[in-house]
Amino acid sequence: VAQADDVWDRIVRLCPPEHVEVLRLKRDGLPLADIAARTGLHEGSVRRILRKLARELALADEPLDPGADE
């Protein structure tokens, strides 16, 4: 649970404040259509927001030096 909370905190820090509600609803398990309906965003916008955040999180996890793990 502590690790999940740490990951959640990292994601929220990467996320613009206006997108936190999208993340919270996705974390609660709502499908994209429901998130879109609740936030007033287009379903494609919700998808784009989530993909962008996933990319940013993945990039934040990459080591800066490719040989750093050797």
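Residues numbered from 1 in each chain as written. Predicted model: local features only at pLDDT ≥ 70, side-chain atom pairs only at ≥ 80, totals over all residues. Heavy atoms only, no water.

Listed as buried for helix H2 (residues 20–27) are Val22, Leu23 and Leu25. Each buried residue of H2 lies within a common arc of 165 degrees when the element is viewed along its axis, so the set occupies one face. Turning to H2, the residues buried within the fold contact helix H1 (2–14), helix H3 (32–39) and helix H4 (43–61). Looking one or two residues beyond H2, the residue adopting positive phi is Gly29, at roughly 95 degrees. (Buried < 20%, exposed > 50% of the residue type's maximum accessible area, 1.4 Å probe, protein only. Helix = DSSP H or I, 4+ residues; strand = E, 2+ residues; numbered from the N terminus. Arc of directions from axis to C-beta. Contact = heavy atoms within 4.5 Å.)

Taken as a whole and assessed by the stated rule, the structure comprises five salt bridges. Put simply, Arg27 and Asp5 hold a salt bridge, and the shortest N to O gap is 3.7 Å. Taken together, the residues Arg27 in helix H2 and Asp5 in helix H1 connect sequence positions 22 residues apart. By relative accessible area, which is 35% here, Asp5 ends up partly exposed. (Salt bridge = Lys/Arg side-chain N within 4 Å of Asp/Glu carboxyl O.)

The next thing to look at is the packing of H1 against H4. In contact at an axis separation of 10 Å, H1 and H4 are set at 115 degrees when each is read in the N-to-C sense. Judged by the angle between their axes, H1 and H4 are roughly perpendicular. As H1 runs across H4, the sense of the crossing is right-handed. Counted together, Arg10, Ile11 and Leu14 of H1 and Leu53, Glu56, Leu57, Ala60 and Asp61 of H4 form the full contact between these two elements. The residue inventory of the contact of H1 with H4, partitioned by class, reads five nonpolar, no polar and three charged. (Axes fitted to C-alpha atoms, helices over the stretch in contact; angles between N-to-C directions. Parallel < 35°, antiparallel > 145°, perpendicular 65-115°, else oblique. Left-handed = near helix turned anticlockwise from the far one by under 90°. Nonpolar A, V, L, I, M, F, W, Y, C, P; charged D, E, K, R; others polar.)

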